[in-house]
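Working through the structure, step by step
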Amino acid sequence: KKVLYIALAIALSAMTATSCSQDLLDIQQKGAVSMEDFYQTDDDATAAIAAVYNQVMGFFYDYKFMTNLPSDDVYAGGGQRGDNIQWSYINEFAISSSNLPSGYYRTPYAIIYRCNLIIDKFDPAESSIKARAVAEARFWRAWAHMLLTIYFGNPPKIDYVMDGSERPENTPASNLALIISEFDAAASALPSKQNVNDKAGGIRVTREAALAFEGKAQLYNNDFAGAKTNLKKVIDSGKYDLVPGSESMNL
């Protein structure tokens, strides 16, 4: 027994020495980069803005219905009453805080958060790639704020990276002034497509896309002259056109 006790004591001493010299539980997570180490390079900027596009793409399905169901262009059908009932509520102007899917409020703010990280962390003066990422982030931040304003009136304006303790309130006035200025700033920094058939150039937002949405925001702000000016710039660019009816049936 004495020999056994001695062996156990030696083993425990070895384990204690090992745990003191190296914390075996402190293992760096694989495939993850800390925020302090990210937002540095051009590749980081490309990945960060791609994450914004990914979030927008995930929201497009809901956005499409929320934007069109209140009109007379779309009817919320289904197999029976209750099939996709949330679409019926929107179609019938019967939405309320109890039946509106929370994603319509939550997801635009998730997009805004990702955009604010890009705008706060990257210096556009350092490279053309970072400059474009920041310009696109300003576009999508304005776009998300515009949707929230259209849907909810005067929602909180979030134009910086907030910490978890902040509890923003609705703005006392419309956010449209900020939205219009952000679209304008994005338009001045974004490139244009080469021509109508430039599909590669149209994958990402362009100068004319920013001008078009700026014009739309100006319409909501009753600035019809400003909207006319910016929308005419898009038309006069010759780089966009209406989709022919025969082609739109195949989209």
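Check the entry above for the structure.
Now for a quick tour of the structure. (Residues numbered from 1 in each chain as written. Predicted model: local features only at pLDDT ≥ 70, side-chain atom pairs only at ≥ 80, totals over all residues. Heavy atoms only, no water.)

Examining the overall build of the chain
Across its full length, the chain carries nine helices and zero strands. Secondary structure elements in the chain, listed N-terminal to C-terminal, are α-α-α-α-α-α-α-α-α. The burial tally for the chain puts 32% of its 251 residues in the buried class. Contacts in the chain between residues far apart in sequence, at least 24 positions, make up 62% of those at least 6 positions apart. When the accessible surface of the chain is totalled, it reaches about 15,800 Å², and 56% of it is carbon and sulfur. (Helix = DSSP H or I, 4+ residues; strand = E, 2+ residues; numbered from the N terminus. Buried < 20%, exposed > 50% of the residue type's maximum accessible area, 1.4 Å probe, protein only. Contact = heavy atoms within 4.5 Å. Areas by Shrake-Rupley, 256 points an atom, 1.4 Å probe, with all protein chains shown as cover.)

Observations regarding the packing of aromatic side chains
This model, assessed by the stated rule, comprises 13 aromatic pairs. Judged by centre distance (4.9 Å) and plane angle (90°), the rings of F139 and W140 are edge-to-face. Each member of the pair, F139 together with W140, is buried. Here F139 and F213 contribute two aromatic rings whose centre-to-centre distance is 5.6 Å and whose plane-to-plane angle is 85°, an arrangement assigned as edge-to-face. In this pair, F139 is assigned in helix 5 (residues 128-152) and F213 in helix 7 (residues 207-220), connecting sequence segments 74 residues apart. Through a chain of ring-to-ring contacts, the aromatic side chains of Y53, F59, Y104, Y105, Y109, F139, W140, W143, Y151, F152, F183 and F213 assemble into a single cluster. A cation over an aromatic ring shows up here: K193 above the ring of Y240, its NZ or CZ 4.3 Å from the ring centre. (Phe/Tyr/Trp six-rings, centres within 6.5 Å; stacked < 30°, edge-to-face > 60°. Lys NZ or Arg CZ within 6 Å of the ring centre and 35° of its normal.)

These figures capture arrangement, not role.
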